[in-house]
Amino acid sequence: MSDWLSNAEGPIFCVQKHEARHLHYDFRLQVGEVLRSWSVPRGPSYHPGDRRLAIPTEDHPMEYATFEGVIEEGEYGAGTVMLWDIGFYSNLLENPVEVALEEGHLKVFLRGKKMIGGWALVRFRKSEDLWLLIKEKDDYADSRYDLIGELPNSVLTDRSMAKIRSALKTGNP
Ligand code: MN
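The following paragraphs examine the structure supplied in this document. Not measured: the values here are computed from a predicted model.

1. Remarks on the pairing of strand 4 (residues 52-61)
Then, in step 1: Pairing of strand 3 (residues 34-40) with strand 4 involves five bridges; the strand directions are antiparallel. Counterpart to tryptophan 38 in the pairing with strand 4 is proline 56.
Then, in step 2: The pairing of strand 4 with strand 9 (residues 130-135) spans three bridges and is antiparallel. In the strand pairing of strand 9, alanine 54 is matched with tryptophan 131.

See below:
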């Protein structure tokens with residue numbers, strides 16, 4: 001996976017399923033040399049009618065993009081982390097991504113294993129820095145497909161959250 005990262009053919013995105021105090025999906029986009037990040041409690045959806053709350057969180061270093069495992073109690077992000085999806089993205093707007101982020105309206109085309117097609121990230125309440133992750137109406141949109149439910153496992157190892165969690169306890173990688 002780290003080889004994959006160094007051979008990347010463009011900016012990457014990833015989604016980490018994270019069971020901390022509450023289960024959420026960390027959606028991350030490479031911007032420059034960091035991963036800009038949003039926590040999406042209900043995860044992404046292929047249904048353009050679903051407006052999924054996305055709360056900005058700390059930038060993460062690029063190396064974190066392929067992390068999967070258990071973060072110990074007392075550490076930042078303590079809990080179980082699964083690499084749920086990873087791939088490349090392209091910017092669908094004329095504005096550079098940095099400007100679009102500043103303006104609170106991003107439109108990207110994702111080429112992941114699970115998330116494919118156009119998605120918008122829109123800041124709807126500037127005072128609280130709250131965003132929405134919304135599927136664009138394109139050929140990939142599907143209002144009946146339950147993305148989160150159908151594809152629950154790791155894109156890296158195909159493990160479930162429980163398997164990742166128990167690997168730590170047994171000492172297996
Ligand atoms: Mn998280």
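2. Let's talk about the packing of aromatic side chains
How two aromatic rings sit relative to each other is given by the distance of their centres and the angle of their planes.
Then, in step 1: Inspection of every chain in the model, using the stated rule, returns eight aromatic pairs.
Then, in step 2: Both rings, one in phenylalanine 13 and one in phenylalanine 27, keep their centres 6.1 Å apart while their planes meet at 35°; by these two values the pair is tilted. In this pair, phenylalanine 13 sits in strand 1 (residues 12-19) while phenylalanine 27 sits in strand 2 (residues 23-31), placing the two residues 14 residues apart along the sequence. Per residue, the accessibility class of phenylalanine 13 equals that of phenylalanine 27, and both read buried.
Then, in step 3: A centroid spacing of 5.3 Å and a plane angle of 15° characterise the contact between tyrosine 64 and phenylalanine 67, whose relative ring orientation is stacked.
Then, in step 4: Tyrosine 64 sits in the buried class, given a relative accessible area of 18%.
Then, in step 5: One aromatic cluster in this structure is built from Phe13, Phe27, Trp38 and Trp131.

3. Brief notes about the coordination of the manganese ion
Then, in step 1: Here the manganese ion is held by His18 (ND1), His24 (NE2) and Asp26 (OD), and the distances to it run 2.1 to 2.3 Å.
Then, in step 2: Between the donor residues of the manganese ion, the gaps in sequence give the motif H-x5-H-x1-D. For the pair shown, histidine 24 and aspartate 26 are each scored as buried.

4. Overview of the side chain of histidine 18
Then, in step 1: Inspection of the secondary structure assignment puts histidine 18 in strand 1.
Then, in step 2: A residue is classified by how much of its surface remains accessible, and histidine 18, at 8% relative accessible area, is buried.
Then, in step 3: Here the side chain of histidine 18 touches aspartate 26 through a polar contact of 3.3 Å, side chain to side chain.
Then, in step 4: With residues up to four places along the chain from it excluded, the contact list for histidine 18 reads Leu23, His24, Asp26, Gly77, Ala78, Thr80, Val81 and Met161.

Quick notes on the rules
Residues numbered from 1 in each chain as written. Predicted model: local features only at pLDDT ≥ 70, side-chain atom pairs only at ≥ 80, totals over all residues. Heavy atoms only, no water. Pairing = 2+ DSSP bridges. Helix = DSSP H or I, 4+ residues; strand = E, 2+ residues; numbered from the N terminus. Phe/Tyr/Trp six-rings, centres within 6.5 Å; stacked < 30°, edge-to-face > 60°. Buried < 20%, exposed > 50% of the residue type's maximum accessible area, 1.4 Å probe, protein only. Donors = N, O, S within 2.8 Å, 3.2 Å for Na, K, Ca; no water. Polar contact = N/O pair within 3.5 Å; in protein donor to acceptor, adjacent residues only side chain to side chain. Contact = heavy atoms within 4.5 Å.

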